[in-house]
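Examining the three-dimensional arrangement
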Amino acid sequence: MAAQLELVAGSYEQITFGYRVKTGENEWTAKADFTHHAHTASITAVAASERFVVTGSKDETIQLYDMKKRTEHGALLHHEGTITCLEFSGTSHLLSGGEDGLLCVWSTKTWECMKTIRAHKGHVTSLSVHPSGKLALSVGADKTLRTWNLINGRSAFIKNIKHNAHIVRWSPDGDKFVVVVNDKIDIYKLETASVTGTITNPKRISSVKFLNNSILVVAGDDETVRFCDVGKAKWACEFKAHETRVKALDSLIVDDFCVLLTASNDGFIKMWKMHLKEELESPTLLGEVNTTARLTCLAVWRPSSVQTITDAPSEATTSEELARELAKKKRRIQETTEEVIVEDESKPKKKKKNHGGKKSVK
């Protein structure tokens, strides 16, 4: 097996690191491929599609990197304040959230800001796009969880959660999601938008990642990584991953096993091999690399990371319709290439203004 992939990490030192991974059956090696120092403040977020890597920073910019051409591709200038979260929706759109309370939708063809949502009063702390590409969740400093319909542009649902959550994530099948407040994880069912279980981590949580639809991996302000069975709302197992706190997680499925990626304040990125079976066992170390930097965020880039559409696109456009459809037919939810149109429903419409877009770097 010779999968082509690259580890991309951001740091407090303003540098983005890229490591090309050579894969083997029992050992993976990461070799330095590139470093970028395009930001003027610490890097806060990173995301990868099959062509682009994007990074957000406290310097209020989003930097673009074309991984196929191996060149810088410009900067997105629209947010005022720190970029807090970035996520691609398929290959056609990028969503960004910031301290300015805005949720922005960008076209990856033109890199224009298509729409701007005033999503929260205060910071947008996290966002997550539904696997169908039709809904997005966001949490913010106004103690609300908000669901956005990306097809008709309306705010589909607002839930007061009494606390400022800092992470929200959909499950791979899109039938559930988790909301993280400090050290607590609330597990929600899409169909009812209600909490089905809660689990508490010993330390404040820094990162979570669904490995499959039932296993959530959790990192916090310590050196231990823990695995949660979201169906039972119980811890399944844990292991010591680093010498200091784990800051970021990512994962990928390779052949018949899962590779967990961890990044820490100790400067190391580690690659772990594990089998997602009923009785989870602690993973084994495949390889590691020392960046010598204080890492803040992590993503894995694969040129064919986005799955192929195998069925006709779903007709569901609301959370209720999606839930009913998922209940009828349990299958992998494919991406949709539908146009994303987003409006801010909280204010009356105003005349269009030209917003900041791509700043060319040539």
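Residues numbered from 1 in each chain as written. Predicted model: local features only at pLDDT ≥ 70, side-chain atom pairs only at ≥ 80, totals over all residues. Heavy atoms only, no water.

1. Observations regarding the packing of aromatic side chains
- All told, the structure shown has six aromatic pairs when counted by the stated rule.
- Centroid distance phenylalanine 17 to tyrosine 19: 6.4 Å. Interplanar angle 20°. Geometry classified as stacked. For the pair phenylalanine 17 and tyrosine 19, one class covers both residues: buried.
- On the basis of an interplanar angle of 90° and a centroid distance of 5.2 Å, the ring pair of phenylalanine 52 and tryptophan 111 is categorised as edge-to-face. With a gap of 59 residues between them, phenylalanine 52 in strand β5 (residues 52-57) and tryptophan 111 in the loop between β10 (102-107) and β11 (113-118) connect regions that are remote in the sequence. Each member of the pair, phenylalanine 52 as well as tryptophan 111, carries the same accessibility label: buried. (Phe/Tyr/Trp six-rings, centres within 6.5 Å; stacked < 30°, edge-to-face > 60°. Buried < 20%, exposed > 50% of the residue type's maximum accessible area, 1.4 Å probe, protein only. Helix = DSSP H or I, 4+ residues; strand = E, 2+ residues; numbered from the N terminus.)

2. Section: the pattern of salt bridges
- Counting across every chain of the model gives 17 salt bridges.
- Between aspartate 175 and lysine 176 there is a salt bridge, and its shortest N-O distance comes to 3.5 Å. The pair aspartate 175 / lysine 176 is uniform in exposure class, with both members buried.
- Each of Glu6, Arg20, Asp33 and Arg70 takes part in salt bridges that share partners, so that together they form one network. (Salt bridge = Lys/Arg side-chain N within 4 Å of Asp/Glu carboxyl O.)

3. With respect to empty space enclosed by the protein
- In this structure the tally under the stated criterion is four cavities of 30 Å³ or more.
- Lining the largest cavity are 10 residues, with Thr147, Phe157, Phe177, Leu190 and Ala193 positioned closest to its centre.
- Only β14 (144-149) and β15 (155-160) provide two or more residues apiece to the lining of the largest cavity. (1 Å grid on protein atoms, 1.4 Å probe; cavity = no way out; pocket = protein on both sides within 12 Å on 5 of 7 lines; lining within 4 Å. Points joined across faces, edges and corners; volume = space filled by probe spheres on them.)

4. Some thoughts on the UniProt feature "repeat: WD" (unreviewed entry) in the protein chain
- UniProt records the feature "repeat: WD" (unreviewed entry) for residues 36-68, 76-116 and 117-158 in the present numbering.
- Secondary structure across residues 36-68 divides into 0% helix and 55% strand, with the first and last C-alpha atoms of the span separated by 16 Å. (UniProt positions renumbered as here; feature names shortened; annotations may be inferred.)

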